[in-house]
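Survey of secondary and tertiary structure
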Amino acid sequence: MRENKKILRQRIRSRLLEMSNEEHEDLSNKISENLFTLEEWKKAKTIGITISIPPEIPTVRIIEQAWREGKSIAVPKCHPEEKVMEFKKITSFNQLESVYYGLLEPIEDTNKVSVGEMDVLVVPGLAFSKEGYRLGFGGGYYDRFLSNYRGKTLALTYDVQLIDDLPIEVHDIAVGKLITPTKILRTYAH
């Protein structure tokens, strides 16, 4: 199973890297526009979301839109020793610092957001099944976090990231909706 996931991660990552900058920009704009039409987005007061790094779908524009609409943004901070993450509220990109692998996380001097405060959690992933199951980046942070999260879950995905034969494990938790450039897929988890 682990070897399958590793091969799949490499395959999806290279597909994403094959896309031109124009394609990334065009498709990610369409994904953002689809996201902004959702009831979950409109009703949300606090949104949990990562600061993406290429070749992931860019989240900066989404965060800026949330702030313009008066929403709160909570960004994950990972604690590798315990393999857990917590979400912290940011009101500016200046409240981020670069940690391992170039990931941007909230600085120490930001307030923790409780699991129950987040109305919507945008869950990252490298690949997704149409049922909403995901192949993460291998750390297991989101699988552990989602086991205690009861709010709405969404995932942003390019069509090349949707695959039929995703290896699913017992602890995997599906997301409620997948937002692609062309459609919004409601999953079984919804």
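Structure first, text after, so check above.
Residues numbered from 1 in each chain as written. Predicted model: local features only at pLDDT ≥ 70, side-chain atom pairs only at ≥ 80, totals over all residues. Heavy atoms only, no water.

1. Here's the deal with the packing of aromatic side chains
Two aromatic rings, taken as a pair, are described by how far apart their centres are and by the angle between their planes. A full pass over the atoms with the stated rule returns five aromatic pairs. A ring pair is formed by F87 and Y142, whose centres lie 6.5 Å apart and whose planes are at 75°; its orientation type is edge-to-face. Of this pair, F87 sits in strand β3 (residues 84–90) while Y142 sits in helix α5 (residues 141–146); the two residues are 55 residues apart in sequence, bridging distant segments of the chain. Under the relative-accessibility criterion, F87 is labelled buried at 1%. Among the aromatic residues, those joined into a ring-pair cluster are F87, Y142, F145 and Y149. Just above the ring of Y141 sits the side chain of R144; from NZ or CZ to the centre is 5.7 Å. (Phe/Tyr/Trp six-rings, centres within 6.5 Å; stacked < 30°, edge-to-face > 60°. Helix = DSSP H or I, 4+ residues; strand = E, 2+ residues; numbered from the N terminus. Buried < 20%, exposed > 50% of the residue type's maximum accessible area, 1.4 Å probe, protein only. Lys NZ or Arg CZ within 6 Å of the ring centre and 35° of its normal.)

2. Digging into the pairing of strand β2 (residues 72–79)
Within β2, seven of the eight residues are buried, which leaves the element mostly enclosed by the surrounding structure. Strand direction decides the pairing type here: strand β1 (residues 46–48) and β2, joined by three bridges, are parallel. Bridge pairing in β2 links G48 to A74. On the question of chirality, the crossover connecting β1 to the parallel β2 by way of helix α4 (residues 60–68) is right-handed. Sheet analysis places β2 next to β3, joined by seven bridges and oriented antiparallel. (Pairing = 2+ DSSP bridges. Right-handed = clockwise from strand over helix to strand, strands pointing away.)

3. Section: the pattern of salt bridges
Taken as a whole, this structure holds 12 salt bridges when the rule is applied. For the salt bridge of E105 with K77, the shortest nitrogen-to-oxygen distance reads 3.3 Å. In this pair, E105 sits in strand β5 (residues 104–106) while K77 sits in strand β2, placing the two residues 28 residues apart along the sequence. Here the two residues E105 and K77 agree in accessibility, since each one is buried. Taking the shortest distance from any N to any O, the salt bridge between D164 and K130 comes out at 3.4 Å. With D164 in the loop between β10 (152–156) and β11 (177–179) and K130 in the loop between β8 (127–128) and β9 (134–135), this residue pair connects regions lying 34 residues apart in the sequence. Since its relative accessible area comes to 42%, K130 is described here as partly exposed. Through salt bridges that share partners, K77, E97 and E105 make up one connected network. (Salt bridge = Lys/Arg side-chain N within 4 Å of Asp/Glu carboxyl O.)

4. Brief notes about the layout of surface pockets
Roughly 1100 Å³ of internal volume is contained in the largest pocket. Together, 39 residues line the largest pocket, and F137, G138, G139, G140 and Y141 are the ones closest to its centre. Only α1 (2–18), β2, β5, β9 and α5 provide two or more residues apiece to the lining of the largest pocket. (1 Å grid on protein atoms, 1.4 Å probe; cavity = no way out; pocket = protein on both sides within 12 Å on 5 of 7 lines; lining within 4 Å. Points joined across faces, edges and corners; volume = space filled by probe spheres on them.)

5. Description of empty space enclosed by the protein
Overall, the coordinates contain one cavity of 30 Å³ or more when judged by the stated rule. In this model, the largest cavity occupies a volume close to 170 Å³. Along its surface, the largest cavity is lined by 17 residues, and E56, I57, P124, G125 and L156 are the ones closest to its centre.

6. Description of unusual backbone geometry
Here the amide bond leading from P54 into P55 is cis, since omega sits at 5°, within 30 degrees of zero. As for its position among the elements, P55 is in the loop between β1 and α4. With phi around 60°, K83 is a residue other than glycine that occupies positive phi space. Relative to the assigned elements, K83 resides in the loop between β2 and β3.

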